[in-house]
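Analysis of the macromolecular model
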Amino acid sequence: MEYRVLPHGGDKISVIGLGSAGLHSATDAEVERTIDEAVDAGVNHFDFIPSEAKPLAAMGRALHRHRADVHIQVHIGALYGGGAYAWTTDAKPAIAEFEQRLAAIGTDYADFGFIHCIDEDADLDRVMNGGIWDYAQARRADGTIRHLAFSTHSPHIARRLLATDVFDLAMFSLNPMYDYTDESEYGQGEVADRMALLREFERAGVGVSVMKPFAGGQLLDAAQSPFGRALTRTQCIQYALDKPGVVTVLPGVHGTADLHDLLAYFDATPEERDYSVLATCAPQSREARCVYCNHCQPCPAGLQIGLINKYYDLARVGDELAAEHYRNLARHAGECVGCGHCDRRCPFGVEQPARMREIAAYFGM
């Protein structure tokens, strides 16, 4: 297992966590076995929000057994009163359901207490003024919520919540389909703006847990993929992990077979993780600048091209620490020899020699 550190708090989080949207199709025994095997494999981050109420009890039992070893996302606003998942901005049922979820795990705290699934200004206003916000702040103060978090598909809403400066984690939908097409309402915003948001998360020290990394399975099926070809789970996971601010990817699973497919990521070769095929199918009009994927490496001149671009993008929005990190690199953008090696390898068509000249001029080195 590989781990990343949550900027606020220093928690070590497995780069692959576990979503639970598909667990309603499994037996209780399979649900518990899936969680047990995941923990045994080093997975320590779990989202406690299945698509139906059916697996809640089995999930609670399994997570309780491993409580000291796992981080659990518990949402304020998810409802299961009718048996199926629903959501609300009404404080009373949202709070009652949140506390029932803690009781199901047999715990008195949530590692991550989520302001749940806010995509519209009106919904956020109701959360901020209708009781949920005050409750979340109070539970954070008394330790019931260790880290305050939120989930959204909207860059605009994410920025409103980031501006409060109280969050440690954000759950955001991230995959090539949402970045490069208009095929889903979940992929809101142009790719350049979505990338800018991820850099804002990183600058703010707010980690990102990725939801919908396979676009609900569409990217894994050539017939459904907007790119006309299937990607693999490994390619989608790597795509998400290469983005700024991301600490963990949480694919949904139906049981142990799906879990084993996810864990195969750690045995994958660099070629199997390579998603540069997107260069042949992502619309040119929606290409971003460097996304720090390092497919251009190794640089013949020894430049760390991804880091150079990352520090530049962060420095331009006022991150002095990023600027200092750039200055401390062994080689700088001005040392680019313009050989074109990186241009030929970039999945997104970035002209790096021109970019290096821009960066060198900005930093004066």
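Residues numbered from 1 in each chain as written. Predicted model: local features only at pLDDT ≥ 70, side-chain atom pairs only at ≥ 80, totals over all residues. Heavy atoms only, no water.

**Regarding the environment of Ala 149**
Stated precisely, the cut-off is as follows: By definition, any uninterrupted DSSP run of H or I lasting at least four residues is a helix, any uninterrupted run of E lasting at least two residues is a strand, and each is numbered from the N terminus. We call two residues in contact whenever any of their non-hydrogen atoms come within 4.5 Å of each other.
By secondary structure assignment, the location of Ala 149 is in strand S8 (residues 145–152). In sequence terms Ala 149 and Asp 168 are 19 residues apart; their C-alpha atoms lie 5.9 Å from each other. Apart from the residues lying within four places of it in its own chain, the contact partners of Ala 149 are Phe 112, Gly 113, Phe 114, Ile 115, Phe 167 and Leu 169.

**Focus on the pattern of salt bridges**
Threshold: Salt bridge, as applied in this entry: a Lys or Arg side-chain nitrogen positioned within 4 Å of an Asp or Glu carboxyl oxygen. The rule is simple: take the accessible area with a 1.4 Å probe, protein chains only, and divide by the maximum for that residue type; under 20% is buried, over 50% is exposed, in between is partly exposed.
Applying the stated criterion to the full structure yields 22 salt bridges. A salt bridge links Glu 2 to Arg 273, with the shortest nitrogen-to-oxygen separation between them at 3.8 Å. With Glu 2 in the segment before strand S1 (3–5) and Arg 273 in helix H11 (residues 270–273), this pair connects stretches of sequence that are 271 residues apart. For Arg 61, the salt bridge is made with Asp 28, and the minimal N-O distance between the two is 3.7 Å. In this pair, Arg 61 is assigned in helix H2 (residues 56–65) and Asp 28 in helix H1 (residues 28–40), connecting sequence segments 33 residues apart. The class of Arg 61 is partly exposed, set by a relative accessible area of 38%. Residue classification places Asp 28 among the partly exposed positions, given a relative accessible area of 36%.

**Thoughts on the side chain of His 66**
Take His 66: it is sitting in the loop between H2 and strand S4 (71–76). Taking relative accessible area as the criterion, His 66 reaches 14% and is therefore assigned buried. Those residues in contact with His 66, other than ones at most four positions away along the chain, are Ile 35, Asp 36 and Val 39.

**Comments concerning the packing of aromatic side chains**
Worth spelling out the cut-off: Paired rings are identified among Phe, Tyr and Trp, the last through its six-membered ring, by centres lying within 6.5 Å, and are further divided according to the angle between planes into stacked (under 30 degrees), edge-to-face (over 60) and tilted (the rest). In this scheme, the term charge over a ring applies when either NZ of a lysine or CZ of an arginine sits within 6 Å of the ring centre and within 35 degrees of the ring normal.
Applying the stated criterion to the full structure yields 12 aromatic pairs. A connected cluster of aromatic rings, assembled from ring pairs, spans Trp 133, Phe 150, Phe 167, Phe 172 and Phe 201. Stacked on the ring of Tyr 3, the Lys or Arg Lys 12 has its end atom at 5.3 Å from the ring centre. Positioned over the ring face of Tyr 265 is Arg 273, at 3.9 Å from the centre of the ring.

**Description of the packing of H1 against H2**
As a reminder of what qualifies: Between N-to-C directions, angles cover 0 to 180 degrees, with each direction set by a line fitted to C-alpha atoms, over the stretch in contact for helices. Note on angle classes: values under 35 degrees are labelled roughly parallel, values over 145 roughly antiparallel, values of 65 to 115 roughly perpendicular, and the remainder oblique. Left-handed describes a crossing whose near helix is turned anticlockwise from the far helix by less than a right angle; the clockwise case is right-handed. Any residue outside Ala, Val, Leu, Ile, Met, Phe, Trp, Tyr, Cys, Pro, Asp, Glu, Lys and Arg is labelled polar, Gly included; the first ten of those are nonpolar and the last four are charged.
Across the interface, H1 lies against H2 with an axial gap of 9 Å and an inter-helix angle of 30°. With respect to their mutual orientation, H1 and H2 come out roughly parallel. Note on packing geometry: the crossing formed by H1 with H2 is right-handed. Of the residues in H2, those in contact with Asp 28, Val 31, Glu 32, Ile 35 and Asp 36 of H1 are Ala 58, Met 59, Arg 61, Ala 62, Leu 63 and Arg 65. Counted by class, the contact of H1 with H2 contains 6 nonpolar, no polar and 5 charged residues.

**A short note on the nonpolar core**
Rules: What makes a nonpolar core is a set of buried Ala, Val, Leu, Ile, Met, Phe, Trp, Tyr and Cys residues whose side-chain atoms join them at distances within 4.5 Å.
In terms of nonpolar packing, the biggest core is built from 85 residues, with Phe 46, Ile 115 and Phe 201 touching the most fellow members. In terms of residue count, helix H3 (residues 91–105) provides more of this core than any other element does, 6 residues in total. The residues contacting Phe 201, other than those within four sequence positions of it, are Phe 150, Ala 158, Leu 162, Ala 170, Val 206 and Val 208. Ranked by size, the runner-up nonpolar core spans 20 residues in total, among them Cys 296, Cys 299, Leu 303 and Ala 322.

**Observations regarding helix H5 (residues 132–142)**
Our working rule: Here the arc refers to the set of directions running from the helix axis out to each C-beta atom.
Among all positions in H5, only Ile 132, Trp 133, Tyr 135 and Ala 136 are buried. Within H5, the buried residues cover an arc of 165° as seen down the axis, which keeps them to one side. Pointing more than 90 degrees away from the buried face of H5 are the exposed residues Asp 134 and Ala 141. The elements touched by buried residues of H5 are S4, H3, strand S7 (110–115), helix H4 (121–129), S8 and helix H6 (155–162). Remark: Gly 143 follows H5 within two positions and exhibits a positive phi of approximately 90°.

**Here's the deal with the pairing of S4**
How we decide: Pairing between strands is defined by DSSP: at least two bridges between the two strands are required. A crossover gets the label right-handed when its path from the first strand over the helix to the second runs clockwise, viewed with the strands pointing away from the viewer.
Of all 6 residues in S4, 6 are buried, a share of seventy percent or more. Side chains His 71, Gln 73 and His 75 of S4 all project onto a buried face; the interleaved residues Ile 72, Val 74 and Ile 76 project onto the opposite face, where all are buried too. Here 3 bridges tie strand S3 (residues 45–47) to S4, and the two strands are oriented parallel to one another. If you follow Phe 46 over to S4, its bridge partner there is Ile 72. Between the parallel pair S3 and S4, the chain is carried across by H2, and the sense of this crossover is right-handed. Sheet topology note: the S4/S7 ladder contains 4 bridges and is parallel. Within S7, the residue paired with His 75 across the bridge is Phe 114.

**A short note on the side chain of Gln 238**
In this fold, Gln 238 is placed in helix H9 (residues 233–241). Under the relative-accessibility criterion, Gln 238 is labelled buried at 12%. Among all residues touching Gln 238, those that are not within four sequence positions of it are Tyr 265, Arg 273 and Tyr 275.

**Here we look at the environment of His 153**
Structurally, the position occupied by His 153 is in the loop between S8 and H6. Note on His 153: relative accessible area 3%, which makes it buried. C-alpha separation for the pair His 153 and Met 211, spaced 58 residues apart in sequence, amounts to 9.3 Å. Other than its neighbours up to four places away in sequence, His 153 contacts Cys 117, Asp 119, Phe 172, Ser 173, Tyr 186, Gln 188, Arg 194, Met 211 and Lys 212.

**Details of the pairing of strand S11 (residues 246–249)**
Each regular strand carries side chains that alternate between the two faces of the sheet. Bridge count between strand S10 (residues 207–211) and S11: 3 bridges; the pairing is parallel. Residue Val 210 lies in a different strand from S11, and its bridge partner there is Val 249. Handedness of the β-α-β unit built from S10, H9 and S11 comes out right-handed.

Shape descriptors only; they carry no functional weight alone.
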